[in-house]
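Architecture and fold: a report
Here is how the chains run, residue by residue.
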Amino acid sequence: MSDLNHIAYIALGSNFGNRLNNLRNALGQLLENESVDLISASSIYESLPFGNHNQQNFYNAAIKIRTSFSHTELFYFLKKTELKTGRQLRERWGPREIDLDIIFFDDLILSDDVLTLPHKGIHLRDFVLMPLVEIDRNLIHPLLKISVSELLNRVKDRTIILKLAETLFKEEKEIG
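Below, the structure is looked at part by part. For clarity, every value in this text was computed on a predicted model and none was experimentally measured.

Here we look at the overall build of the protein
What the protein contains, in helices and strands, is four helices and ten strands. Along the chain direction, N to C, the helices and strands of the protein fall in the order β-α-β-β-β-α-β-β-β-α-β-β-α-β. The C-alpha radius of gyration of the protein comes to 15 Å, within 12% of the 16 Å expected for a compact globule of 176 residues. With respect to the principal axes defined by its C-alpha atoms, the protein has extents near 45 × 35 × 35 Å. A buried classification covers 51% of the 176 residues belonging to the protein. Long-range contacts, defined here as pairs at least 24 residues apart, represent 72% of the contacts in the protein between residues at least 6 apart. Accessible area of the protein: about 9100 Å², with a carbon and sulfur share of 49%. Once the 21 positive and 24 negative side-chain charges of the protein are each reduced to a mean point, those two points are 4 Å apart.

Next comes the structure, spelled out in structure tokens:
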């Protein structure tokens with residue numbers, strides 16, 4: 001195994017089926033891979049759906065990992081993990097069992113046919129920013145050169161309803 005020399009922030013979301021179990025199962029799948037080491041995990045937030053509003057509320061969280069995957073390898077690993085944890089491909093902005101998105105990968109800025117980093121539009125989404133702020137409030141958006149906490153302060157359309165008492169882990173887990 002090569003060194004775990006990249007830092008990535010991943011957003012997790014679910015609004016179809018057992019949302020809490022979907023998040024926990026996806027995280028478990030990610031952590032079973034030796035190329036992924038969890039640094040920290042946020043709380044889980046319930047939020048109104050983004051885009052298509054005629055669907056169940058989302059559960060959202062974020063994790064910070066250390067990985068030996070390249071950004072492209074991580075992207076495909078996340079897509080494979082989504083399918084292994086029950087994701088059915090439906091319409092864009094529609095219901096989903098699990099959604100795993102790379103938000104930041106090191107300080108990489110890129111856009112190609114497959115991937116855009118940092119993830120597009122996060123500066124408008126409190127359901128992505130709030131979990132990131134919880135993990136690392138001083139994290140700087142590499143393109144906008146502004147901290148995630150300042151970006152969260154600027155979000156006008158608030159979608160988060162509440163912070164859940166449940167965690168991403170069935171029992172409290174020591175991270176690090």
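Now that the structure has been shown, the text picks up again.
Overview of the side chain of Asn57
Among the secondary structure elements, Asn57 is positioned in the loop between strand S3 (45-47) and strand S4 (58-67). There is a polar contact of 3.1 Å between the side chain of Asn57 and the side chain of Glu46. Residue contacts for Asn57: discarding those within four places in its chain leaves Ser14, Asn15, Arg19, Glu46, Ser47, Leu48, Pro49 and Ile161.

So, unusual backbone geometry
In this structure, the amide linkage connecting Leu117 to the following residue, Pro118, adopts the cis form with an omega of -10°. With respect to the element layout, Pro118 can be found in the loop between strand S7 (116-117) and helix H3 (126-136). Its identity as a non-glycine residue notwithstanding, Asp106 has a phi of 50°, on the positive side. Along the chain, the position of Asp106 falls in the loop between strand S5 (99-105) and strand S6 (110-111).

Comments concerning the pattern of salt bridges
The final tally for this structure, using the stated rule, is five salt bridges. In this structure, Glu82 and Lys79 form a salt bridge, with 3.1 Å as the shortest nitrogen-oxygen distance. Pair noted here: Glu82 and Lys79 are both in helix H2 (residues 71-84), with a separation of three residues, about one helical turn. Classification of Lys79 as partly exposed rests on a relative accessible area of 24%.

A short note on H2
The end-to-end C-alpha distance of H2 is 20 Å, a good match for the 20 Å that 14 residues give at a rise of 1.5 Å each. Three or more residues of H2 are buried, namely Leu74, Phe75, Phe77, Leu78, Thr81 and Glu82. Taken around the axis of H2, the buried residues stretch over an arc of 165°, which confines them to a single face. Those residues of H2 that are exposed and angled more than 90 degrees off the buried face are Lys80, Leu83 and Lys84.

A look at the packing of aromatic side chains
Within the structure shown, the criterion is met by three aromatic pairs. Relative to Phe104, the ring of Tyr9 lies with its centre 6.1 Å away and its plane at 90°, an arrangement referred to as edge-to-face. Pair noted here: Tyr9 is in strand S1 (residues 6-14) and Phe104 is in strand S5, with a separation of 95 residues, a long-range link. We classify Phe104 as buried; its relative accessible area is 2%. With a centroid separation of 5.0 Å and 35° between ring planes, the pair formed by Phe69 and Phe77 is classed as tilted. When its relative accessible area of 13% is taken as the criterion, Phe69 is described as buried. Over the aromatic face of Tyr59 sits the side chain of Arg19, whose NZ or CZ is 3.9 Å from the ring centroid.

What counts and what doesn't
Residues numbered from 1 in each chain as written. Predicted model: local features only at pLDDT ≥ 70, side-chain atom pairs only at ≥ 80, totals over all residues. Heavy atoms only, no water. Helix = DSSP H or I, 4+ residues; strand = E, 2+ residues; numbered from the N terminus. Rg over C-alpha atoms; globule rule 2.2 N^0.38 Å. Buried < 20%, exposed > 50% of the residue type's maximum accessible area, 1.4 Å probe, protein only. Contact = heavy atoms within 4.5 Å. Areas by Shrake-Rupley, 256 points an atom, 1.4 Å probe, with all protein chains shown as cover. Lys, Arg positive; Asp, Glu negative; His and termini not counted. Charge placed at Lys NZ, Arg CZ, Asp CG, Glu CD. Polar contact = N/O pair within 3.5 Å; in protein donor to acceptor, adjacent residues only side chain to side chain. Salt bridge = Lys/Arg side-chain N within 4 Å of Asp/Glu carboxyl O. Expected span 1.5 Å × (residues − 1). Arc of directions from axis to C-beta. Phe/Tyr/Trp six-rings, centres within 6.5 Å; stacked < 30°, edge-to-face > 60°. Lys NZ or Arg CZ within 6 Å of the ring centre and 35° of its normal.

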